[in-house]
Amino acid sequence: MQTFAPGQDGYREEIAGFQTGVQSTPQLVVAAADADDVAAGVRYAAAHDLPVSVQATGHGLRTPAEGVLISTRRMTGVSIDPERAVARAEAGATWGTVVEAAAEHGLAPLSGSAPGVGVVGYTLGGGFGLLGRHFGQASEHVRSAEVVLPDGTAAGGPLDAGVVTALEFSLFPVTTLYGGGLYFDTAKIADVLCTWRDWTADLPDTVGTSVALVPYPNLPVVPEPLRGKHIAHVRVASLGSAAQGERLVAPLRALGPLQDTLSTMPFTDSGKIAAEPPHPHAYLGDNRVLPALPDELLTTVLDHAGPGAPVPTVLIIDLLGGAYRHTTAADFTPDSRYTVRALSVVEPDPATVQAAHAKLFAPLEPSSTGRLRSFVYGRPLARA
Ligand SMILES: Cc1cc2nc3c(=O)[nH]c(=O)nc-3n(C[C@H](O)[C@H](O)[C@H](O)COP(=O)(O)OP(=O)(O)OC[C@H]3O[C@@H](n4cnc5c(N)ncnc54)[C@H](O)[C@@H]3O)c2cc1C
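Definitions and cut-offs
Residues numbered from 1 in each chain as written. Predicted model: local features only at pLDDT ≥ 70, side-chain atom pairs only at ≥ 80, totals over all residues. Heavy atoms only, no water. UniProt positions renumbered as here; feature names shortened; annotations may be inferred. Axes fitted to C-alpha atoms, helices over the stretch in contact; angles between N-to-C directions. Helix = DSSP H or I, 4+ residues; strand = E, 2+ residues; numbered from the N terminus. Parallel < 35°, antiparallel > 145°, perpendicular 65-115°, else oblique. Left-handed = near helix turned anticlockwise from the far one by under 90°. Contact = heavy atoms within 4.5 Å. Nonpolar A, V, L, I, M, F, W, Y, C, P; charged D, E, K, R; others polar. Near = heavy atom within 4 Å. Polar contact = N/O pair within 3.5 Å; in protein donor to acceptor, adjacent residues only side chain to side chain. Areas by Shrake-Rupley, 256 points an atom, 1.4 Å probe, with all protein chains shown as cover. Pairing = 2+ DSSP bridges. 1 Å grid on protein atoms, 1.4 Å probe; cavity = no way out; pocket = protein on both sides within 12 Å on 5 of 7 lines; lining within 4 Å. Points joined across faces, edges and corners; volume = space filled by probe spheres on them. Domains from an automatic or database assignment. Salt bridge = Lys/Arg side-chain N within 4 Å of Asp/Glu carboxyl O. Buried < 20%, exposed > 50% of the residue type's maximum accessible area, 1.4 Å probe, protein only. Phe/Tyr/Trp six-rings, centres within 6.5 Å; stacked < 30°, edge-to-face > 60°. Lys NZ or Arg CZ within 6 Å of the ring centre and 35° of its normal.

- An unreviewed UniProt entry lists the chain under the name FAD-binding oxidoreductase, with Amycolatopsis ultiminotia given as the organism.
- Quoted straight from UniProt, the Sequence similarities (unreviewed entry) entry for the chain says "Belongs to the oxygen-dependent FAD-linked oxidoreductase family."
- We quote the UniProt Cofactor (unreviewed entry) comment for the chain here in full: "FAD".

## A short note on the packing of helix α6 (residues 189-199) against helix α9 (residues 295-305)
(1) Moving on: Running from N to C, α6 and α9 point in directions that differ by 140°, and their axes come no closer than 11 Å. In this view, α6 runs oblique relative to α9, as classed from their interaxial angle. Judged by the sense of rotation from one axis to the other, the crossing of α6 with α9 is right-handed. Contact with α6, carried on its side by Ile189, Ala190, Leu193, Cys194 and Arg197, involves Asp295, Leu298 and Leu302 of α9 and no other residues of that element.
(2) Moving on: A class-by-class count of the residues in the contact of α6 with α9 yields six nonpolar, no polar and two charged.

## Focus: the site of the ligand
(1) Moving on: Lining the immediate surroundings of the ligand are 28 residues, of which Ala56, Thr57, Gly58, Gly118 and Val164 lie closest.
(2) Moving on: Leu61 is positioned such that a nitrogen or oxygen atom in its backbone is 3.4 Å from an oxygen atom of the ligand.
(3) Moving on: Take Ser113: an N or O atom from its main chain is 2.9 Å from an oxygen atom of the ligand.
(4) Moving on: When the free accessible area of the ligand is taken as 950 Å², the share hidden by the protein chains comes to 87%.
(5) Moving on: Every element with two or more residues in the shell around the ligand is listed here: β3 (52-55), α4 (119-124) and β9 (163-170).

## Describing the pairing of strand β7 (residues 142-148)
(1) Moving on: As paired strands, β7 and β9 are joined by six bridges and run antiparallel to one another. Bridge pairing links Val147 to Val164 in β9.
(2) Moving on: Pairing analysis gives three bridges linking β7 to strand β8 (residues 154-156), with the strands arranged antiparallel. In the strand pairing of β8, Val147 is matched with Ala155.
(3) Moving on: In textbook terms, the turn of a hairpin is the stretch between consecutive antiparallel strands, and for β7 and β8 this stretch comprises five residues, one of which, Gly152, has a positive phi near 90°.

## Notes on the UniProt feature "domain: FAD-binding PCMH-type" (unreviewed entry) in the chain
(1) Moving on: Here, UniProt's "domain: FAD-binding PCMH-type" (unreviewed entry) annotation points to residues 22-218.
(2) Moving on: Counted over residues 22-218, helix gives 22% and strand 29%. Its end C-alpha atoms are 27 Å apart.

## Some remarks on the sheet that holds strand β2 (residues 28-31)
(1) Moving on: The sheet built from four strands is open, its strands ordered β1-β2-β4-β3 with mixed pairing. For this open sheet the edge positions go to β1 (2-4) and β3, each flanked by a neighbour on one side alone. Here the average twist between neighbouring strands, direction ignored, is 25°.
(2) Moving on: Two strands pair when backbone bridges link them, and β2 and strand β4 (residues 68-71) are joined in this way by four bridges, in the parallel orientation. By the bridge assignment, Ala31 is partnered in β4 with Ser71.
(3) Moving on: Contacting β2, β3 and β4, helix α2 (residues 35-47) crosses the sheet at an angle of about 175° to β4.

## A short note on the layout of surface pockets
Any empty space left between atoms is shown by rolling a water-sized probe over those atoms.
(1) Moving on: Quantified by volume, the second largest pocket comes out at close to 190 Å³.
(2) Moving on: What lines the second largest pocket is a set of 15 residues, among which Gly21, Leu284, Pro350, Gly378 and Arg379 lie closest to the centre.
(3) Moving on: For the lining of the second largest pocket, the secondary-structure elements that each account for two or more residues are β15 (283-290) and α10 (350-361).
(4) Moving on: Its residues assigned to classes, the lining of the second largest pocket shows seven nonpolar, five polar and three charged.
(5) Moving on: Taken domain by domain, the makeup of the lining of the second largest pocket includes at least three residues from each of domain 1 (2-71) and domain 3 (176-375).

## Notes on the pattern of salt bridges
Here the idea is simple: oppositely charged side chains can pair when their charged atoms come close.
(1) Moving on: Within the structure shown, the criterion is met by 16 salt bridges.
(2) Moving on: A salt bridge links Arg74 to Glu14, with the shortest nitrogen-to-oxygen separation between them at 2.8 Å. You can see Arg74 sitting in the loop between β4 and β5 (78-81) and its partner Glu14 sitting in helix α1 (residues 11-15), a full 60 residues away along the chain.
(3) Moving on: Look at Arg74 and you get partly exposed, because its relative accessible area is 35%.
(4) Moving on: Look at Glu14 and you get buried, because its relative accessible area is 4%.
(5) Moving on: Linked through salt bridges whose partners overlap, the residues forming this network are Asp286, Arg288, Glu365 and Arg371.

## Describing empty space enclosed by the protein
(1) Moving on: Throughout the structure, instances matching the rule amount to three cavities of 30 Å³ or more.
(2) Moving on: A volume near 40 Å³ is recorded for the largest cavity.
(3) Moving on: Lining the largest cavity we find Trp95, Leu110, Thr123, Ala138, His141, Val142, Phe169 and Ser170.
(4) Moving on: The residue inventory of the lining of the largest cavity, partitioned by class, reads five nonpolar, three polar and no charged.

## Observations regarding the packing of aromatic side chains
(1) Moving on: Counted under the stated rule, the structure contains eight aromatic pairs.
(2) Moving on: Centre to centre, the rings of Trp95 and Phe169 are 5.5 Å apart; their planes meet at 70°, and the pair counts as edge-to-face. In this pair, Trp95 is assigned in helix α3 (residues 95-103) and Phe169 in strand β9, connecting sequence segments 74 residues apart.
(3) Moving on: The buried category is assigned to Trp95, whose relative accessible area is 2%.
(4) Moving on: For Phe169, a relative accessible area of 5% gives the class buried.
(5) Moving on: Judged by centre distance (5.6 Å) and plane angle (50°), the rings of Phe128 and Tyr324 are tilted. Of this pair, Phe128 sits in the loop between α4 and α5 (132-135) while Tyr324 sits in the loop between β16 (314-319) and β17 (338-345), placing them 196 residues apart in sequence. Take Phe128 and Tyr324: they sit in the same class, and that class is buried.
(6) Moving on: Grouped by ring-pair contacts, the aromatic residues Phe18, Tyr283 and Tyr377 constitute a single cluster.
(7) Moving on: Across the ring face of Tyr338, the terminal group of Arg337 is positioned such that the distance to the ring centre comes to 5.8 Å.
(8) Moving on: Its end group placed over the ring of Phe375, Arg341 keeps NZ or CZ at 3.8 Å from the ring centre.

See below:
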């Protein structure tokens with residue numbers, strides 16, 4: 001087992017994660033290669049009365065790690081049991097690896113928008129995936145969890161009992177999606193929001209969708225025709241045939257997108273639907289769950305997080321409903337129908353970004369049914 005103390009070569013590299021806005025200085029980093037290393041790290045922490053933190057990819061960091069940080073980035077093992085349609089993923093595995101491995105057997109997991117996100121951290125937060133409206137949350141489909149308890153002994157679950165070293169979860173017979181994105185120019189944003197909201201009213205649960213308002217920077221890395229524009233990006237992941245998909249998206253297409261990437265795609269390409277930036281950066285994010293999106297609420301959202309907003313913000317509205325209606329998760333009521341999520345790079349400083357997000361969410365508060373902790377980024381939940 002490798003360990004790193006502050007100042008030692010490799011210490012900073014081991015701590016570095018996708019979220020660069022949370023800087024940690026733990027007393028010891030345990031670079032775990034397997035469950036025994038995790039157990040040794042946890043026992044060391046217990047013996048020295050130190051807190052334990054865990055980090056896989058660092059997508060979900062909120063508070064600086066203290067005490068002993070168990071780094072699981074080396075525990076990337078993934079295996080598939082096609083007979084049972086079950087995957088086993090070690091603590092550091094990412095969705096991209098599971099998606100690829102499952103696809104070899106004609107199966108798919110309940111993964112989310114970004115292949116780089118860690119399986120365990122995602123599942124611990126519930127797991128809102130591309131297919132979630134049809135199959136439910138990832139956490140509802142966990143078959144078993146291998147966990148190291150706070151005294152350093154290994155046990156079989158539950159998920160929140162300690163440090164998870166591996167998970168077994170169900171896979172589903174999905175090989176392709178009709179999916180991709182429709183990108184609309186700035187002048188159409190208000191129209192797109194209203195049309196998308198109306199479109200989602202009776203959408204079958206075989207369709208997962210969100211709409212994102214994205215201020216694309218004026219940089220060569222951004223392809224034309226999106227470069228330098230504030231874009232409304234409708235994302236679609238639909239089970240079923242291309243013909244069904246085409247029929248369903250017709251009212252959105254009629255609005256005249258700048259760019260249209262909807263097509264039948266292998267599930268292994270599903271990360272292209274949201275096309276989120278894969279590079280580490282510093283970001284702050286918060287969200288609210290809402291039962292409805294009345295016109296005045298969409299206007300508020302546009303004022304605070306649309307073109308001309310004081311702080312550049314990626315604003316994402318996800319459709320919930322479908323199988324999510326039956327989930328027993330704390331964040332949900334049967335009325336939970338949409339999330340409104342804000343995500344900003346930390347510029348010029350965290351306080352300015354947090355103040356801008358607070359102004360966006362204050363008018364949403366009275367009708368909100370809660371907040372999904374998975375989509376709170378770069379800040380402690382209690383202070384959010
Ligand atoms: C670009 C992006 C896209 C995302 N897309 C989705 C999405 O589509 N759906 C969705 O539901 N969520 C999504 N998320 C949120 C994501 O699921 C959470 O941020 C999750 O916590 C990330 O887990 P991680 O292991 O990658 O990150 P890490 O920061 O390494 O871990 C996050 C936290 O999980 C806990 N943790 C991690 N591993 C263990 C372990 N082995 N044992 C115990 N606790 C552990 C720790 O508390 C840790 O601080 C997205 C996040 C980003 C940044």
